[in-house]
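Notes for the structure review
Next come the chains, spelled out residue by residue.
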Amino acid sequence: MNTSAAVCQQCKDVIQLDPSLVDIAPSAYDTIISALPPATRSRHTAPRSAQAKHPQLAPLPNESFVLLQDSIIRNVPPSPPGTRSSRSAVSKPRSNSQQEAESSTRSTVRLLHLISTRSDIDHPLCRDCTHALLQSLQATAEELKRERDGYIAFANKELRKEKEREAEGLSKEETDKKIEKLKVDERSLIEQLKELEIEEQQLSEELANLEQEESLLELEEANFWRNHNDNILALDQQASLLASLRAAYAADSASLEKLERSNVYNDAFCIGHDGVFGTINGLRLGRVPGVPVEWAEINAAWGQTLLLLHTIARKLDYKFENYRLVPMGSFSRIEKTTGDKASYELYGSGHVGRLLHNRRFDLGMVAFIDCLKSLIDYIKSQDPTVDFPHAISREKIGDVSIKLQFNQEEAWTRSLRHVLLALKICLKWATNGVNG
């Protein structure tokens, strides 16, 4: 074990003791002990519990008994292996070098403890702590020196005053009066001092109240800035949301404007022509020799045509007086609501033997242009500027009949083309005209 290792009592770092302190001679030890001031404090006195824990060591010659601190001795050498902790065990004889080392260690420890108990500083100290201690002691010495010089100056001043009084030769009565006056001045000054102390106490209380109020104001200010920051963040979020909503609104407005410019009815009911045929949604309406058009296509075209007439009337909120339109695709029909309340099919078959069915088909087409004529009259009553090129009179539109029986296919096809043209004009006025 290294006996010269110790712990600094200030920073608790491990330090290495000087060899001259470890191997101290008895004469040097006695010289240091005699030079120490007498013990004036008892802060190093160990309690009884500590005395019970640390066994007493036999004092060396010319040394007094002291108690060791726990921080002085860093390590305690372990017991040699193989020995038992029995009271009857016999300790092995030690060599002279081990005894001298232990004696030097105890001497060093006692010396450090004595120095610590007879001064205000715990020992040992490391180099840095010693340097800091010396600086502190030097500053204290300088302060004491200044205080001493002040006392000396005050004493010299008083001596000069005493000599001046003696030189003036004041009598005893004058001196007593002067002393009495000084006492009165002293009492007055004491009263002023008390008043100032009361005022100081009041100011201290006021200062404490102001400090408390300042703390509350600081807390309120912190809450204010916290709320301010939260409001700024919320405002930024709202601004971002508003910007996104405005962008969405602009996009939706553009889409709405585009949709408003578009006409869904024109897309749903595309009326055109294919040669001599009028077409609706690509379906040809009519027949001519040399161009065989299936009746399935003609019936589907009539279903789209009846649906268009029904759609225009519903958009204009117009109701037919004598008929009810029943658009059902290729099997559409028109029902009469007055008189015999007959139902007329708006689809044909082309069979020559079915004269009764063809007659009902002709009556359905006549009922259709009757409904178309009433719708045209309603539109003209709303907007006289609307011009329809083909007039409707009974079963004729323009100068051709709408009936198929006893009629040429070219004339019938031309009348159907006139019907589609009139429906196109009605649709345009209903969606984009004055009514729209």
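Residues numbered from 1 in each chain as written. Predicted model: local features only at pLDDT ≥ 70, side-chain atom pairs only at ≥ 80, totals over all residues. Heavy atoms only, no water.

Here we take up the pattern of salt bridges. Summed over all chains, the structure comprises 7 salt bridges. Arg284 serves as the salt-bridge partner of Glu297, at 3.2 Å between the closest nitrogen and oxygen. With Glu297 in helix H8 (residues 295-315) and Arg284 in strand E5 (residues 283-285), this pair connects stretches of sequence that are 13 residues apart. Three or more residues joined by partner-sharing salt bridges are found here, namely Arg324, Arg333 and Glu335. (Salt bridge = Lys/Arg side-chain N within 4 Å of Asp/Glu carboxyl O. Helix = DSSP H or I, 4+ residues; strand = E, 2+ residues; numbered from the N terminus.)

This paragraph deals with the packing of aromatic side chains. What the rule picks out here adds up to 7 aromatic pairs. Between Tyr318 and Phe320, the aromatic rings sit 5.3 Å apart at their centres with planes inclined by 90°, giving edge-to-face as the arrangement. As far as the burial class goes, Tyr318 and Phe320 line up, both buried. Taking 5.0 Å as the distance between ring centres and 35° as the angle between the ring planes, the aromatic pair formed by Tyr318 and Tyr378 counts as tilted. Of this pair, Tyr318 sits in the loop between H8 and strand E6 (323-326) while Tyr378 sits in helix H9 (residues 355-382), and the two are 60 residues apart along the sequence. Taken together, the aromatic side chains of Trp295, Phe361 and Trp412 make up a single cluster linked through ring pairs. Seen from the ring of Phe277, Arg284 lies directly overhead, with NZ or CZ sitting 5.7 Å from the centre. (Phe/Tyr/Trp six-rings, centres within 6.5 Å; stacked < 30°, edge-to-face > 60°. Buried < 20%, exposed > 50% of the residue type's maximum accessible area, 1.4 Å probe, protein only. Lys NZ or Arg CZ within 6 Å of the ring centre and 35° of its normal.)

This brings us to the side chain of Thr279. Within the secondary structure, Thr279 sits in strand E4 (residues 277-280). Of the polar contacts made by the side chain of Thr279, one reaches the backbone nitrogen of His273; its length is 3.4 Å. Filtering out sequence-adjacent residues up to four positions away, Thr279 remains in contact with Cys270, Ile271, Gly272, His273, Asp274, Arg284 and Leu420. (Polar contact = N/O pair within 3.5 Å; in protein donor to acceptor, adjacent residues only side chain to side chain. Contact = heavy atoms within 4.5 Å.)

Relative to each other, H8 and helix H10 (residues 409-432) sit at 30°, their axes nearing to 10 Å. Considering the angle they form, H8 stands roughly parallel to H10. In the packing of H8 onto H10, the handedness of the crossing is left-handed. The residues of H10 that touch H8, namely those facing Trp295, Ile298, Trp302, Thr305, Leu308, Leu309, Ile312 and Lys315, are Trp412, Leu416, Val419, Leu420, Leu423, Cys426, Leu427, Ala430 and Thr431. Here the contact of H8 with H10 is built from residues that sort into 14 nonpolar, 2 polar and 1 charged. (Axes fitted to C-alpha atoms, helices over the stretch in contact; angles between N-to-C directions. Parallel < 35°, antiparallel > 145°, perpendicular 65-115°, else oblique. Left-handed = near helix turned anticlockwise from the far one by under 90°. Nonpolar A, V, L, I, M, F, W, Y, C, P; charged D, E, K, R; others polar.)

With that settled, the discussion passes to the sheet that holds strand E9 (residues 392-393). Strand order in the open sheet formed by 3 strands is E9-E10-E11, and the pairing between neighbours is antiparallel. Pairing within the sheet leaves two strands with one partner each, and these edge strands are E9 and strand E11 (400-401). The sheet contact formed by strand E10 (residues 396-397) and E11 spans 2 bridges and is antiparallel. The partner of Lys396 across the bridge, within E11, is Ser401. (Pairing = 2+ DSSP bridges.)

Moving on, we come to a positive patch on the surface. A contiguous patch of positive charge, built from Lys157, Arg160, Lys161, Lys178 and Lys181, is present on the exposed surface. Within the residue set of the positive patch, elements represented by two or more residues are helix H5 (127-168) and helix H6 (172-261). With 3 residues, H5 is the single largest residue contributor to the positive patch. Mapped onto the elements, Lys178 comes out in helix H6. Classification of Lys178 as partly exposed rests on a relative accessible area of 43%. (Patch = residues over 30% accessible without salt bridge, like charges linked within 9 Å, V, L, I, M, F, W, Y side chains within 5 Å. Areas by Shrake-Rupley, 256 points an atom, 1.4 Å probe, with all protein chains shown as cover. Lys, Arg positive; Asp, Glu negative; His and termini not counted. Charge placed at Lys NZ, Arg CZ, Asp CG, Glu CD.)

Read across the sheet, 3 strands follow the order E3-E4-E5 without closing on themselves; strand pairing throughout is antiparallel. Each having just a single partner strand, strand E3 (271-274) and E5 make up the two edges of the open sheet. Each strand axis lies, on average, 40° off the axis of its neighbour in the sheet, ignoring direction. Relative to E4, E3 runs antiparallel, the two being bridged by 4 bridges. Bridge assignment links Gly272 to a residue of E4, and that residue is Thr279. This element, H8, spans E3, E4 and E5 of the sheet and lies at about 90° to E5. This element, H10, spans E3, E4 and E5 of the sheet and lies at about 40° to E4.

Everything listed is a geometric property; what it means functionally is a separate question.
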